[in-house]
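Below, each chain spelled out in residue letters.
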Amino acid sequence: MLAHYGYKDGSGEYFIVIDTDKCDGCEECVAACPCGVLEVGEDENDPFREEPVARVTEEHRKKVKYSCGPCKPASGRIPLPCMEACGPGAISHSW
Amino acid sequence: MEKEYWRWPESRWTSPDVDWKDGDIISAGVDVGSVSSQAVVLVDGNLYAYSNFRTGSGSPESAQKVMDKALEETGLTLNKIDYIVGTGYGRVNVPFAQRTITEIACHARGANFMYGPTVRTILDMGGQDCKAIRCDAEGKVTNFLMNDKCAAGTGRGMEVFADLLSVPIEDLGRLSFEVDKEPEPVSSTCVIFAKSEAVGLLRKGWPKEKVLAAYSSAMAHRVAKLLERIKVEKDFAITGGIAKNEGVVKRIEAELKIKALEPKHDTQIAGALGGALFANALVEKEKGRR
């Protein structure tokens, strides 16, 4: 499943996409994120999945544009820590 | 008191073909949304009864009310229901639910039942949010996107426009086509900005119909953009209250160049129906284990 967390508003589209088929729940992304945006827990959108999966915390879902801001400077941007940390390559950002 | 044009009709329904007394498993789903709440009761996985009412200020009371309404005159009582799933925005506040499941999962499952297994893309236009969901033939979610930060392009927006234009909400869709030429969409779908823009257009002398056309097409454009991100695949279905507004539905169809499936039931019950289907599956799973 491609889980899109985030929103679209007047200023643009801000989604963190987690491919739950690739995610193995290893929690590397949780440790890598400096702002506590990610967590690992039950798959809320697949009641029959038993394995834990990465997701964006409820707290950050409506403000990812700002939560992820520190990792996205206007210039001199380095690869995003969450994406770098994810072995299976399950995480992507829309902006 | 002045007429409240935004008030959409509430409904309840009982199947003439199903009797709960013959049933093995009775399951239910309750969807407490931001604007409307629904309860659906299944008997052995068949649709038995449903109700669709406005959500009040308290979620537990709203959940109780829709459940009572669904069971009204059926002789069926809450304690005879084997399993109840709560879903929607207020799902944690359904006091009698054994489990909660997100509305994303429930909508996919419910639409799979309502529209058949060929449904691949579901657009839920709720009271205060929009969901774009892709699913497989079993109704399992394969891709989803939810926009609940911004109420643009949702039912609440339509309610505001019904009041602004003094047109009953059920007539908005039809009226929006009574224009010679489709006007430019309003520049913002934000409920507040669009309303001020519409007031300006009315002052300029635009007829109601033209203002409605401009708002409906802006709404359609906005959700079409959301759908682009998950990519629309046939068959396509629209659920939620706005699915009853032909002015928006037809404009979405035109924009996407794809027809939406015809609904057989109240389009607002998809979430509660999905919850009831999950409840039924959970009971079956439990029985299988014994």
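If you're wondering where the values come from, they're calculated on a predicted model, not measured in any experiment.

Another aspect to go through is the environment of Pro79(A). Residues and elements named next belong to chain A. Relative to the helices and strands, proline 79 resides in the loop between helix H2 (64-67) and helix H3 (81-85). We classify proline 79 as exposed; it has 9 C-beta atoms within 10 Å. Separated by 15 residues in the primary sequence, proline 79 and valine 64 have C-alpha atoms spaced 17 Å apart.

Another point: the packing of helix H6 (residues 208-230) of chain B against helix H7 (residues 246-256) of chain B. Helices that pack against each other are described as a pair by the angle of their axes relative to one another and the distance between those axes. Residue and element names in this part refer to chain B. Two numbers describe how H6 lies on H7: the axes approach to 8 Å, and their chain directions differ by 50 degrees. Here H6 lies oblique to H7, going by the angle between them. In the crossing of H6 with H7, the sense of the turn from one axis to the other is right-handed. Two secondary-structure elements touch here, H6 through Leu212, Ser216, Ser217, Met219, Ala220, His221, Val223, Ala224 and Leu227 and H7 through Gly247, Val248, Arg251, Ile252, Glu255 and Leu256. Of the residues belonging to the contact of H6 with H7, the class tally is 9 nonpolar, 4 polar and 2 charged.

For Glu197(B), the position within the fold is in helix H5 (residues 191-203). Glu197(B) sits 125 residues away from Glu72(B) along the chain, and the two C-alpha atoms are 44 Å apart.

Taken together, the contact pairs 17 residues of chain B with 15 residues of chain A. Secondary-structure elements contributing two or more residues to the side of chain B that touches chain A are helix H2 (103-115), strand S9 (141-147) and H6 of chain B. Within the side of chain B that touches chain A, the residues separate by chemical class into 10 nonpolar, 4 polar and 3 charged.

Right, let's get into the sheet that holds strand S8 (residues 130-135) of chain B. Two modes of strand pairing occur in sheets, parallel and antiparallel, and in both the strands are linked by backbone hydrogen bonds. Read from one edge of the open sheet, 7 strands run S5(A)-S2(A)-S1(A)-S9(B)-S8(B)-S7(B)-S10(B), paired in mixed fashion. If you trace the sheet from one side to the other, it starts and ends with strand S5 (91-93) of chain A together with strand S10 (236-239) of chain B, each paired once. Averaged over neighbouring strand pairs, the angle between their axes works out to 15 degrees when direction is ignored. Where strand S1 (residues 2-9) of chain A and S9(B) come together, 3 bridges link them in parallel fashion.

Residues and elements named next belong to chain B. Spanning 13 residues, helix H1 (residues 59-71) covers 18 Å between terminal C-alpha atoms, matching the ideal 18 Å at 1.5 Å per step. Taken together, the buried positions of H1 are occupied by Ser59, Ser62, Ala63, Val66, Met67, Lys69, Ala70 and Leu71. Where H1 is buried, its residues touch strand S1 (11-14), strand S2 (26-32), strand S3 (36-43) and strand S4 (46-54). Of the residues flanking the end of H1, it is glutamate 73, one or two places downstream, whose phi is positive at about 60 degrees.

Turning our eyes to something else, we now look at the domain arrangement of chain B. The figure often quoted for interface size is the accessible area lost as the parts come together. Residue and element names in this part refer to chain B. Domain boundaries assigned for chain B yield domain 1 (11-114 + 268-289) and domain 2 (120-260). Centre-to-centre separation of domain 1 and domain 2, based on C-alpha positions: 27 Å. Listed by partner, the interface residues are 13 residues for domain 1 and 20 residues for domain 2. At 7 residues, H2 tops the list of elements feeding residues into the side of domain 1 that touches domain 2. Its residues assigned to classes, the side of domain 1 that touches domain 2 shows 6 nonpolar, 6 polar and 1 charged.

Parameters at a glance
Residues numbered from 1 in each chain as written. Chains lettered and ligands numbered in written order. Predicted model: local features only at pLDDT ≥ 70, side-chain atom pairs only at ≥ 80, totals over all residues. Helix = DSSP H or I, 4+ residues; strand = E, 2+ residues; numbered from the N terminus. Buried ≥ 20, exposed ≤ 12 C-beta atoms within 10 Å, placed from the backbone. Axes fitted to C-alpha atoms, helices over the stretch in contact; angles between N-to-C directions. Parallel < 35°, antiparallel > 145°, perpendicular 65-115°, else oblique. Left-handed = near helix turned anticlockwise from the far one by under 90°. Contact = placed C-beta atoms within 7 Å. Nonpolar A, V, L, I, M, F, W, Y, C, P; charged D, E, K, R; others polar. Pairing = 2+ DSSP bridges. Expected span 1.5 Å × (residues − 1). Domains from an automatic or database assignment.

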